[in-house]
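Given next are the chains, with one letter for each unit.
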Amino acid sequence: MSDSICTIETDIAVYDVRAEGLFPAGVTLERLCTGAIWGEGPVWIHEDSSVLWSDIPNNRMLRWSDRDGMTVWRDNVEFTNGHTREHDGSILHCSHGQRAIVRTRFGANLENAIDETVVDRFEGKRLNSPNDIVVKRDGTIWFSDPPYGIVSDREGHMAESELGDNYVFRYDPSTGELKVATDLVEEPNGLAFSPDESVLYVSDTSAALQVDGGGHHHIVAFDVVNDRELANPRVFAVIEPGLADGFRVDRQGWILTSSADSVQVYHPDGSRLARIGVPEKVANLTFGGSDGDELYICASSSLYRIRLNTRGAT
Ligand code: MG
């Protein structure tokens, strides 16, 4: 583990005049810490100004803050992947190992937190391995369920898929109802709503497991109808190089997505606006900081940060 923050040579490209104001003057990319095998699922904890994220092959969750540097938050976490917060502050985890959505409720502090299973079955069959997760303003939980945590023992426990397909699910904690939101994305992975929640973006990373160069590496956009159904799927952006493993939407509706060598920024009209080069393969990212204008980037072994002239949508 290293706690020394390192400034990386800035490698930013702006492709569209609309993105010229995105980067503060003199902006730098910082490497905050390193020591993971493969980091994913960062979530900002405003209560103590920290970031939690998953180091999946090491089966642990890490924590970083300006004050404390990097520490192990929890060991033996059953291969968590993506995270988000609920409106009451609970942390939701996508658990590959438990093949479930797990909730951490905490009151006075995280040390006294209680974990509970939110959902782990659909029509009596075990989920595959929940990957990424968002909470809508109405409190419903939307998550992707590709097979990446059951195809080997590296990021979970190798097993057969009981569902035989890969869905995006919508779970309503007030009723306990779990519904398939879409089965149209081959291997759904990252997901995020537009600021007004009229659009849900879902990445298809089916290229990840294919050795012949086939499969998808794009983001699909859906219209959200009646607050709960998805319609009008269209390929929003093909991400190259690599995949859109995870992404976030900012307050103006721009999509900031992982790519193999960078964070790429897209306008909702589909045009690529900018690129932030990152020296390691990027997995996931999240907004954080006291003003919400810091982008925290999980890229392979390290956690990076860059300050932007925007904020997360939520
Ligand atoms: Mg993912």
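Residues numbered from 1 in each chain as written. Predicted model: local features only at pLDDT ≥ 70, side-chain atom pairs only at ≥ 80, totals over all residues. Heavy atoms only, no water.

**Student:** Tell me what's going on with the sheet that holds strand S15 (residues 141–144), and back it up with residues and numbers.
**Tutor:** Strand order in the open sheet made by the 4 strands is S14-S15-S16-S17, with antiparallel pairing throughout. Strands at the two margins of the open sheet, each flanked by one partner only, are strand S14 (133–135) and strand S17 (177–182). When strand polarity is set aside, the average angle formed by the axes of neighbouring strands in this sheet is 25°. (Pairing = 2+ DSSP bridges. Helix = DSSP H or I, 4+ residues; strand = E, 2+ residues; numbered from the N terminus. Axes fitted to C-alpha atoms, helices over the stretch in contact; angles between N-to-C directions.)

**Student:** Give a detailed account of the packing of aromatic side chains, specifying residues and quantitative values.
**Tutor:** In the structure shown here, the tally under the stated rule is 9 aromatic pairs. Where Trp-64 meets Tyr-296, the ring centres are 6.4 Å apart and the plane angle is 45°; that geometry is what we call tilted. Placement of the pair is Trp-64 in strand S6 (residues 60–65) and Tyr-296 in strand S27 (residues 294–299), with a sequence separation of 232 residues. Through pairs of rings, three or more aromatic residues link up here, namely Phe-122, Phe-143, Tyr-167 and Phe-169. (Phe/Tyr/Trp six-rings, centres within 6.5 Å; stacked < 30°, edge-to-face > 60°.)

**Student:** If you had to explain the nonpolar core to someone new, which residues and values would you point to?
**Tutor:** In terms of nonpolar packing, the biggest core is built from 23 residues, with Leu-256, Val-263, Val-278, Leu-295, Ile-297, Ile-306 and Leu-308 touching the most fellow members. Elements that contribute at least two residues to this core include exactly strand S24 (262–266), strand S25 (272–277), strand S26 (282–288), S27 and strand S28 (302–307). Not counting residues within four places of it along the chain, the set of residues in contact with Leu-256 comprises Gly-246, Phe-247, Arg-248, Asp-250, Val-263, Gln-264, Val-265, Leu-285, Phe-287, Leu-295 and Leu-308. Of all hydrophobic cores here, the second largest spans 16 residues; its members include Cys-94, Ile-133, Val-135 and Leu-178. (Core = buried A, V, L, I, M, F, W, Y, C linked by side-chain atoms within 4.5 Å. Buried < 20%, exposed > 50% of the residue type's maximum accessible area, 1.4 Å probe, protein only. Contact = heavy atoms within 4.5 Å.)

**Student:** Account for the pattern of salt bridges, with residues named and values stated.
**Tutor:** By the definition in use, this model includes 26 salt bridges. Arg-18 serves as the salt-bridge partner of Asp-16, at 2.9 Å between the closest nitrogen and oxygen. Take Arg-18: its relative accessible area is 38%, and that puts it in the partly exposed class. For Arg-228, the salt bridge identified is with Glu-177, shortest N-O distance 3.0 Å. Of this pair, Arg-228 sits in the loop between strand S20 (218–225) and strand S21 (229–238) while Glu-177 sits in strand S17, and the two are 51 residues apart along the sequence. The partly exposed category is assigned to Glu-177, whose relative accessible area is 29%. Sharing partners across several salt bridges, the network here consists of Glu-86, Asp-88, Arg-103, Arg-105 and Glu-116. (Salt bridge = Lys/Arg side-chain N within 4 Å of Asp/Glu carboxyl O.)

**Student:** Quick one: what's the story with empty space enclosed by the protein, residue by residue and with numbers?
**Tutor:** Applying the stated criterion across every chain yields a total of 1 cavity of 30 Å³ or more. Its boundaries defined by the atoms lining it, the largest cavity holds a volume of some 30 Å³. As for the largest cavity, its lining consists of Gly-41, Pro-42, Gly-82, His-83, Asp-132, Arg-248, Asn-284 and Leu-285. For the lining of the largest cavity, the secondary structure elements donating two or more residues are strand S4 (39–45), strand S8 (80–85) and S26. In terms of residue class, the lining of the largest cavity is built from 2 nonpolar, 4 polar and 2 charged. (1 Å grid on protein atoms, 1.4 Å probe; cavity = no way out; pocket = protein on both sides within 12 Å on 5 of 7 lines; lining within 4 Å. Points joined across faces, edges and corners; volume = space filled by probe spheres on them. Nonpolar A, V, L, I, M, F, W, Y, C, P; charged D, E, K, R; others polar.)

**Student:** Account for the coordination of the magnesium ion, with residues named and values stated.
**Tutor:** When a metal holds four donors in a tetrahedron, each ideal angle between them is 109.5 degrees; when it holds six in an octahedron, the ideal angles are 90 or 180 degrees. All of the protein donors around the magnesium ion are Asn-131 (OD1), Asn-189 (OD1) and Asp-245 (OD); their distances to the metal are 2.2 Å. Counting residues between consecutive donors of the magnesium ion along the chain gives the motif N-x57-N-x55-D. With a gap of 114 residues between them, Asn-131 in the loop between strand S13 (125–126) and S14 and Asp-245 in the loop between S21 and strand S22 (247–249) connect regions that are remote in the sequence. The class of Asp-245 is buried, set by a relative accessible area of 10%. (Donors = N, O, S within 2.8 Å, 3.2 Å for Na, K, Ca; no water.)

**Student:** So, the layout of surface pockets: which residues are in play, and what are the values?
**Tutor:** The volume enclosed by the largest pocket comes to roughly 800 Å³. Lining the largest pocket are 35 residues, with Thr-84, Arg-248, Thr-286, Ala-313 and Thr-314 positioned closest to its centre. Sorting the residues of the lining of the largest pocket by element identifies S4, S8, S14, strand S18 (188–193), S22 and S26 as the ones contributing at least two each. Across the lining of the largest pocket, the residue classes break down as 14 nonpolar, 13 polar and 8 charged. Estimates place the volume of the second largest pocket at around 440 Å³. Surrounding the second largest pocket, 21 residues form its lining, Trp-38, Tyr-148, Glu-155, Ala-208 and Asp-245 being those nearest its centre.

**Student:** Hey, could you go over unusual backbone geometry for me, with residue numbers and the actual values?
**Tutor:** For the bond from Glu-240 to Pro-241, the omega torsion is -10°, close enough to zero to count as cis. Non-glycine residue Asn-59 carries a positive phi angle of around 55°. For Asn-59, a relative accessible area of 14% puts it in the buried group. With phi around 50°, Asn-76 is a residue other than glycine that occupies positive phi space. With respect to the secondary-structure elements, Asn-76 resides in the loop between strand S7 (69–75) and S8.

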